Amino acid sequence: MRYAMAVDTRKCVGCSDCVVACQTENNVPHGFCREWVVETMNGTYPQLEIEIRSERCNHCINAPCVRCCPTGASHFAEGGIVLVEHNKCIGCGACMASCPYDARYPHPSGYVDKCTFCIHRIKSGLAPACVAVCPTKCIYFGDLDDPNSDVSMVLKKRKSKTLIPEAGTKPQLYFLI
Amino acid sequence: MEEEIFVSGRMNQLIDPQLNIWHWQIPLYLFMGGMAAGILCIAALYYIRGREKDYSTAVRITPFIAPFLLVFGLIALFIDLRHKLFFWQLYTNIRLQSPMSWGAWTLMVITPVSFIWCALHIRDLFPNWDWKFKWIYELESFFNKYKKVLAWIMLIYGIILGIYTGILLSAFNARPLWNTSIMGPLFLASGLSAGAAATLLLSKNKAERKQFARIDLVLIGIELFLIIHMFMGFLASTQVQIEAAKLFLGGPYTMSFWIFVVIMGMLIPALLEIMELGKFHIPPIVPALLVIFGSLMLRFIIVHAGQVSRWLY
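Thresholds, definitions, all that
Residues numbered from 1 in each chain as written. Chains lettered and ligands numbered in written order. Predicted model: local features only at pLDDT ≥ 70, side-chain atom pairs only at ≥ 80, totals over all residues. Helix = DSSP H or I, 4+ residues; strand = E, 2+ residues; numbered from the N terminus. Buried ≥ 20, exposed ≤ 12 C-beta atoms within 10 Å, placed from the backbone. Pairing = 2+ DSSP bridges. Axes fitted to C-alpha atoms, helices over the stretch in contact; angles between N-to-C directions. Contact = placed C-beta atoms within 7 Å. Nonpolar A, V, L, I, M, F, W, Y, C, P; charged D, E, K, R; others polar. Parallel < 35°, antiparallel > 145°, perpendicular 65-115°, else oblique. Left-handed = near helix turned anticlockwise from the far one by under 90°. Arc of directions from axis to C-beta. Bend = angle between axes of the 7 residues up to and from the residue. Core = buried A, V, L, I, M, F, W, Y, C linked by C-beta atoms within 7 Å.

Side note on the overall build of chain A
Working step 1: The number of helices and strands found in chain A is six helices and ten strands.
Working step 2: Taken along its principal axes, the extent of the C-alpha atoms in chain A is 50 × 40 × 35 Å.
Working step 3: Counting all 177 residues of chain A, 45% fall into the buried class.

So, the sheet that holds strand 3 (residues 47-55) of chain A
Working step 1: Strand order in the open sheet made by the three strands is 3(A)-2(A)-1(B), with antiparallel pairing throughout. If you trace the sheet from one side to the other, it starts and ends with strand 3 of chain A together with strand 1 (2-8) of chain B, each paired once. With strand direction ignored, the average angle separating the axes of adjacent strands in the sheet is 10°.
Working step 2: With nine bridges joining them, strand 2 (residues 36-44) of chain A and strand 3 of chain A adopt antiparallel strand pairing. Bridging across to strand 3 of chain A, A:Thr40 finds its partner in A:Glu51.

Section: the interface of chain B and chain A
Working step 1: Each side of the interface is counted separately: chain B has 39 residues, and chain A has 45 residues.
Working step 2: Of all the secondary-structure elements, those providing two or more residues to the side of chain B that touches chain A are strand 1 and helix 4 (99-120) of chain B.
Working step 3: Element by element, the count of residues in the side of chain B that touches chain A is highest for strand 1 of chain B, at seven residues.
Working step 4: Its residues assigned to classes, the side of chain B that touches chain A shows 21 nonpolar, eleven polar and seven charged.
Working step 5: One ladder, built from seven bridges, connects strand 2 of chain A with strand 1 of chain B; its direction is antiparallel. Of the residues in strand 1 of chain B, the one forming a bridge with A:Asn42 is B:Glu4.

What to know about the packing of helix 1 (residues 25-48) of chain B against helix 12 (residues 285-308) of chain B
Residue and element names in this part refer to chain B.
Working step 1: Look at helix 1 against helix 12: their axes get within 8 Å of each other, and the N-to-C directions meet at 140°. When the axes of helix 1 and helix 12 are compared, the pair comes out oblique. Regarding helix 1 and helix 12, the two cross each other, and that crossing is right-handed. Contact residues: helix 1 offers Ile26, Pro27, Leu30, Phe31, Gly34 and Met35, while helix 12 offers Ser295, Leu296, Arg299, Phe300 and Val303.
Working step 2: The residue makeup of the contact of helix 1 with helix 12, split by class, is eight nonpolar, two polar and one charged.

Considerations on helix 1 (residues 17-25) of chain A
Residue and element names in this part refer to chain A.
Working step 1: For helix 1, the complete set of buried residues consists of Cys18, Val19 and Cys22. The buried residues of helix 1 occupy an angular sector of 105° when the element is viewed end-on, so they sit on one face.
Working step 2: Structurally, helix 1 contributes buried residues whose contacts are with strand 2, strand 3, helix 5 (129-133) and strand 8 (139-143).

Focus on helix 11 (residues 254-277) of chain B
Residues and elements named next belong to chain B.
Working step 1: At Ile263, helix 11 shows its maximal bend, which comes to roughly 45°.
Working step 2: Among all positions of helix 11, only Phe257, Val261, Gly265, Met266, Pro269, Ala270, Leu272, Glu273 and Glu276 are buried.
Working step 3: On its buried side, helix 11 packs onto helix 9 (206-235) and helix 12.

Notes on the nonpolar core
Working step 1: Within the largest apolar cluster, 141 residues are counted, with the highest numbers of intra-cluster contacts made by A:Met5, A:Ile139, B:Ala36, B:Ile39, B:Leu40, B:Ala43 and B:Ala197.
Working step 2: Per-element tally for this core: the top contributor is helix 1 of chain B, with 17 residues.

Concerning the packing of helix 8 (residues 183-202) of chain B against helix 12 of chain B
All names here are of chain B.
Working step 1: Look at helix 8 against helix 12: their axes get within 8 Å of each other, and the N-to-C directions meet at 155°. For the element pair helix 8 / helix 12, the angle class is roughly antiparallel. Considering how the two elements wind past one another, helix 8 and helix 12 form a crossing that is left-handed. When helix 8 is examined against helix 12, the residues Ser190, Ser193, Ala194, Ala197, Leu200 and Leu201 are found in contact with a partner set consisting of Ile285, Pro287, Ala288, Val291, Ile292, Ser295 and Leu298.
Working step 2: A class-by-class count of the residues in the contact of helix 8 with helix 12 yields ten nonpolar, three polar and no charged.

Digging into the sheet that holds strand 1 (residues 3-8) of chain A
Residue and element names in this part refer to chain A.
Working step 1: Spatially, 8-1-10-9 is the arrangement adopted by the four strands of the open sheet, whose pairing is mixed. Taken across any chain shown, the strands that pair with only one partner, and hence form the sheet edges, are strand 8 and strand 9 (160-161).
Working step 2: Where strand 1 meets strand 8, five bridges bridge the pair, whose relative direction is antiparallel. By the bridge assignment for strand 8, Tyr3 is matched with Asp143.
Working step 3: Each of strand 1, strand 8, strand 9 and strand 10 (173-176) is contacted by helix 6 (residues 150-157), which is oriented at about 115° to strand 8, the strand it contacts most.

Thoughts on unusual backbone geometry
Working step 1: With omega at 0°, the peptide bond leading from A:Tyr45 into A:Pro46 counts as cis.
Working step 2: Along the chain, A:Pro46 falls in the loop between strand 2 and strand 3.
Working step 3: Look at the link from B:Asp16 to B:Pro17: it is a cis peptide, with omega at 0°.
Working step 4: Within the secondary structure layout, B:Pro17 lies in the loop between strand 1 and helix 1.
Working step 5: Here B:Lys132, not a glycine, exhibits a phi torsion of approximately 75°, which is positive.
Working step 6: Its place among the elements puts B:Lys132 in the loop between helix 5 (122-125) and helix 6 (134-145).
Working step 7: A tally of 7 C-beta atoms within 10 Å means that B:Lys132 is categorised as exposed.

Shown next as structure tokens:
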């Protein structure tokens, strides 16, 4: 099993509904976010190209945060989801320094927190909060090992990219272009 | 005009607009750990080679600084932790891939060893020292019997401690400035240099001072070579590392790095030590303190600048 997510940059309107849904679902403390929206604009006026991405932890296959964690608090859960075990985390900050996407944040309680792909929802058969709430249905989630899952189907049909693949982390958050 | 605009909705504290999770605690610890490693390595090396009579300050007196450095370093590390009550998790797990785990276990070995080493030499500082209990005397004679083994442990773990302070940073591929294998040897050389400076500062023996001025000179030469090598490597590497090097070559850290670390911490003490080895009389406190200051600044500047350097996407 290999969970992954794909975000359609052509359908995303940057409404940030996913961000708010995530914060509500996961009780993210005020002033922090587990996921966020990035807007880039490139080109020469009037030929401009805009890309909107809903970003979060990339749940990398070769995750540097798991490698550098001195206590094993950062670990791979089922389907390759990268999780932090709060009672094992000492809050040293090594994982935050090791993440090229800066996807982790220090929770005010002391431990480090990040996107979990809403593993608690997946376990009860629901889609992650950001996927469920998206008004343009531009986020696809599922198991890459299952050829009929939403994410496998859309990645077969469409061209996609990952963020900074040259960092060697093998990210599992795909962006349809 | 070609435009490129990047807007991110993320504004997490200590992460945005740039990483800022490690403040004064980590660089201070890296300095203290490195200097303690240098002091202990030099003491162990001269003891193993049977030169403790010639270099008695380095073997017997200077190591008394090391336990203080290690304990204060550990306190700084503890202050840095955000989930403090769970710190013991470091010692219920061994993670070979994590440099921080290596460091935690190395400190677990070298801190008690440094205390034992000092206890064995306590009469050099306090000639009338009395341990009061018989079993402590028995313990003392036991360690005296195996002092050479102790020295070997101190030497090997000293090198691991000195080099790990650099590898800790170089293991982070996400921060291009840190991500160079030069960091380990550079921090080891800098720690050894600070350790040699400590003996230069404390020694009252002229021959010993001369020897340590010579050692320091060689180490400064190695450090300069490594720094030049590091920048050559960066400039010949990918865009992110070129930009990391530019932080020091015209960027915001240029002045502080070249003035505090290279000129004040290396070139001036090297010049003073050369003069000392010649006919001039230079008070040893001046080059020694400059070297220690440079070693401290190196850690602060590298840790801060590393958090600024990043991948672009």
